Amino acid sequence: MSLDKATVAKIAHLARIKVPEEELGHLAGELNNILSFVEQLNEVDTGNVPPMTSVAAQKLRRRQDQVTDGGYPQDIVRNAPEAAEGYFAVPKVVE
Amino acid sequence: MTQLTHLTMADALKGLAEKQFTAVELTEAHVRAVEKARPLNAFITETPDKALEMAKASDARRAKGEAGPMDGLPIAVKDLFCTKDVLTTAASHILDGFQPGYESTVTSNLWRDGAVMLGKVNLDEFAMGSANITSYYGDVINPWSPGEPGNWPRKLVPGGSSGGSAAAVAARVALGATGTDTGGSIRQPAAFTGIVGIKPTYGRCSRWGVVAFASSLDQAGPMTRTVRDSAIMLRSMCGFDPKDSTSVDMPVPDFEKAITGDIRGLRVGIPKEYRVDGMPAEIEEMWRKGIEWLKAAGATPVDISLPHTKYALAAYYIVAPAECSSNLARYDGVRYGLRVEGNSLNEMYENTRGAGFGKEVRRRILIGTYVLSAGYYDAYYLQAQKVRTRIKWDFDQAFEQCDVILTPTAPSGAFAIGEKMDDPIQMYLNDVFTVPVNLAGLPGMSIPAGLGADGLPLGLQLIGKPFDEETLFRVGGVIEDAAQFTATPPFVA
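Note that this is a predicted model, so its numbers are computed, not measured.

A few words now on the packing of aromatic side chains. All names here are of chain B. Scanning the model with the defined rule gives 17 aromatic pairs over all chains in all. With centroids separated by 5.4 Å and ring planes inclined at 50°, the aromatic side chains of Tyr102 and Trp208 adopt a geometry described as tilted. With Tyr102 in the loop between strand 2 (74-78) and helix 4 (105-112) and Trp208 in the loop between strand 5 (196-199) and strand 6 (219-224), this pair connects stretches of sequence that are 106 residues apart. Judged by relative accessible area, which is 35%, Tyr102 ranks as partly exposed. Ring plane angle 85° and centroid distance 5.8 Å describe the contact between Phe192 and Phe415, whose orientation is recorded as edge-to-face. In this pair, Phe192 is assigned in helix 6 (residues 187-193) and Phe415 in the loop between strand 9 (404-408) and strand 10 (417-420), connecting sequence segments 223 residues apart. Exposure class is identical for Phe192 and Phe415. Each is buried. An aromatic cluster is defined as three or more aromatic residues linked by ring pairs; in this entry it consists of Phe98, Phe126, Tyr331, Tyr336 and Phe357. Lying across the ring of Trp208, Lys243 places its NZ or CZ 4.0 Å from the centre. For Arg275, the ring lying beneath its charged end belongs to Trp287, and the centroid distance is 4.6 Å.

Next up, the structure:
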């Protein structure tokens, strides 16, 4: 399987990363190298092998469904490039 | 009096307890070292005022008889740990100006025990790299680089991603440093700079407040100049944290007590698959020496097989990018860091992320996005997770025949900036011996074992059973005693 420039552009869009047109070709080459390197995984017999979901044999802990934190919106937005009245501000989404 | 910056943590604690010097004096010496070491580019942010303030508070605690287990010890913090009100960058442009309103659990634990923060140290961007050459804040120089310091004819890499941590500890700038290890990022730089580094079992150290790269692989750990110092520092760093759902609720052993020197009867596994093609003879020789040392101390070497070792890197380069593409989705120009405006919300996202991520991070996000995308998930991600299970099974079986595994840490010593850079795969091969440990969630330690032919440090790696860090400390102590690694780098601050 080989990625072409159009596919790389599509992946970049899915990842929301702007990639300049002139870099797509080189990037496709690099990604194809990596994909052909990982191709060897198909040699491994994985019939009846469960995919790993956790390295430690432990169940996820549960906790009470309670609010235990919060109430400081100014602290939450303090690093925002743009904030207004305790909210994050973004470019207009709805016309 | 011995130079304060050359002390081990254990000796510094003794000196403080015996009032040979104060925490302020110890910290002042290290603050000067931080300044002197600037040519290494190890620090992204220096925090001398904070360090002195913490040192003063430490002296006050000690005067009242309330000193903690690390009280007064100046350390460096990898800039992947969130530190309250102190710039935290992950060495990425995209986190420009980010000052967390909270402190990571691991650093909170260190401050609780009295440690003093010298500053935030450099790393590969988002911890993605094996040479500390992908940082937005520039390359870190290995203090072992030959030639006149500051005017190096050939600049060596310190390894990565915890390259700033490794350089700072090796150059006697900090008594220890925090690192994080996703595929070898503590152990490989430790080996490249002649220091000790341990990645504990997955779940030992809380990941809360550590900038996430690949959540199922990331673990924090200490980097120090001796095995004992790593034991002291790890004990402070780990412990149960309800804020990390994968944190393990287990008592934290006194790791120092495990360093008994007695390894009689211990079975040491030697995996045949770690004899890789093209491995330099000096690495092979170091490994052979390591086996002899342990034998001389009464341990029994056992030949073992880890048959899926050769697939570990390939599995890693699917699992890690997949998790990174998901984790790094949060950097969108809305909540923190860089924003590059656009005509729409989507365009703002794309512009911000296009400008904010470096090339290696971008490459991994794109690979991760691809292998998780519809139609490819089973072929890549699911297959990789199944191979990961087989790698884990290999270790489970091996540990029926042995108590600990001994391997080289990396297939080479430090290389120069500019080498191994044309092909990402070539760089990835650095982690061939360390990555399987992360995939299986096991503890791994690198101990300096000696110098190679070119005078550069080489490390040996110990791999343990889950939550059996104590055996690593015990065996690590024996290797340390046998190796008598006393060499110091050409650049010492």
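The interface of chain A with chain B comprises 49 residues on the first partner and 69 residues on the second. Buried area between chain A and chain B, summed over both chains or domains, comes out near 5,200 Å², and the portion from carbon and sulfur atoms is 66%. Between chain A and chain B we count five salt bridges in total. Between A:Glu82 and B:Arg339 there is a salt bridge, with the nearest N and O atoms lying 3.0 Å from each other. On the surface where chain A and chain B come into contact, there are 23 residue pairs in polar contact (both at pLDDT 80 or more). Those elements giving two or more residues to the side of chain A that touches chain B turn out to be helix 1 (5-14) and helix 2 (24-38) of chain A. In terms of residue count, helix 2 of chain A provides more of the side of chain A that touches chain B than any other element does, eight residues in total.

Another aspect to go through is the packing of helix 9 (residues 312-327) of chain B against helix 12 (residues 378-401) of chain B. All names here are of chain B. Look at helix 9 against helix 12: their axes get within 9 Å of each other, and the N-to-C directions meet at 125°. If you check the angle between helix 9 and helix 12, you find them oblique. When the axes of helix 9 and helix 12 are compared, the crossing they make is left-handed. Contacts between helix 9 and helix 12 involve Ala312, Ala315, Ile318, Val319, Ala322 and Glu323 from the first element and Tyr380, Tyr381, Ala384, Gln385, Val387, Arg388 and Ile391 from the second.

The next thing to look at is the nonpolar core. In this structure, B:Phe126, B:Phe395, B:Leu406 and B:Phe473 are the most contacted members of the largest nonpolar core, which totals 187 residues. With eleven residues, helix 9 of chain B is the largest single contributor of residues to this core.

What follows covers empty space enclosed by the protein. Residues and elements named next belong to chain B. The tally for this structure, following the rule as stated, stands at five cavities of 30 Å³ or more. Volume-wise, the largest cavity comes out at about 70 Å³. Residue lining of the largest cavity: 14 residues in total, with Gly129, Ser130, Ser185, Tyr316 and Asp431 positioned closest to the centre. Across the lining of the largest cavity, the residue classes tally to five nonpolar, seven polar and two charged.

Bringing the pairing of strand 8 (residues 300-304) of chain B into the picture now. All names here are of chain B. Where strand 7 (residues 267-271) and strand 8 come together, five bridges link them in parallel fashion. Looking across to strand 8, one finds that Gly269 is bridged to Val302. Regarding topology, helix 8 (residues 281-296) serves as the crossover connection from strand 7 to the parallel strand 8, and that connection is right-handed.

Before going further, it helps to examine the pattern of salt bridges. Taken as a whole, this structure holds 31 salt bridges over all chains when the rule is applied. For B:Asp85, the salt bridge is made with B:Lys84, and the minimal N-O distance between the two is 3.8 Å. For B:Asp85, a relative accessible area of 41% puts it in the partly exposed group. The partner of B:Arg154 in a salt bridge is B:Glu419, with the nearest N and O atoms 3.2 Å apart. Placement of the pair is B:Arg154 in the loop between strand 3 (116-121) and helix 5 (163-170) and B:Glu419 in strand 10, with a sequence separation of 265 residues. Several salt bridges share partner residues, and in doing so they unite A:Glu30, B:Glu360, B:Arg363 and B:Arg364 into one network.

With that out of the way, let us pick up the layout of surface pockets. There is about 1,100 Å³ of room inside the largest pocket. Lining the largest pocket are 38 residues; nearest its centre among them are A:Asp69, B:Tyr102, B:Trp208, B:Gly209 and B:Lys243. Those elements that provide at least two residues to the lining of the largest pocket are helix 3 (73-76) of chain A together with strand 6 of chain B. Residues belonging to the lining of the largest pocket are distributed by class as follows: 16 nonpolar, ten polar and twelve charged.

A word on the state of the cysteines. What the rule picks out here adds up to zero disulfides over all chains. Between B:Cys205, a free cysteine, and B:Cys238, which holds the nearest cysteine sulfur, the sulfur-to-sulfur gap is 5.0 Å.

A cis geometry characterises the amide bond from B:Gly160 onward to B:Ser161, with omega recorded as 10°. Along the chain, the position of B:Ser161 falls in the loop between strand 3 and helix 5. A positive phi angle, close to 55°, is found at A:Arg16, a residue other than glycine. Inspection of the secondary structure assignment puts A:Arg16 in the loop between helix 1 and helix 2. Its identity as a non-glycine residue notwithstanding, B:Ala90 has a phi of 55°, on the positive side. Looking at where B:Ala90 falls in the secondary structure, it is placed in the loop between strand 2 and helix 4.

What counts, and where the lines are drawn
- Residues numbered from 1 in each chain as written.
- Chains lettered and ligands numbered in written order.
- Predicted model: local features only at pLDDT ≥ 70, side-chain atom pairs only at ≥ 80, totals over all residues.
- Heavy atoms only, no water.
- Phe/Tyr/Trp six-rings, centres within 6.5 Å; stacked < 30°, edge-to-face > 60°.
- Helix = DSSP H or I, 4+ residues; strand = E, 2+ residues; numbered from the N terminus.
- Buried < 20%, exposed > 50% of the residue type's maximum accessible area, 1.4 Å probe, protein only.
- Lys NZ or Arg CZ within 6 Å of the ring centre and 35° of its normal.
- Contact = heavy atoms within 4.5 Å.
- Buried area = accessible area lost by both parts, 1.4 Å probe.
- Salt bridge = Lys/Arg side-chain N within 4 Å of Asp/Glu carboxyl O.
- Polar contact = N/O pair within 3.5 Å; in protein donor to acceptor, adjacent residues only side chain to side chain.
- Axes fitted to C-alpha atoms, helices over the stretch in contact; angles between N-to-C directions.
- Parallel < 35°, antiparallel > 145°, perpendicular 65-115°, else oblique.
- Left-handed = near helix turned anticlockwise from the far one by under 90°.
- Core = buried A, V, L, I, M, F, W, Y, C linked by side-chain atoms within 4.5 Å.
- 1 Å grid on protein atoms, 1.4 Å probe; cavity = no way out; pocket = protein on both sides within 12 Å on 5 of 7 lines; lining within 4 Å.
- Points joined across faces, edges and corners; volume = space filled by probe spheres on them.
- Nonpolar A, V, L, I, M, F, W, Y, C, P; charged D, E, K, R; others polar.
- Pairing = 2+ DSSP bridges.
- Right-handed = clockwise from strand over helix to strand, strands pointing away.
- Disulfide = S-S within 2.5 Å.

Don't take any of this as a statement about function, it's just geometry.
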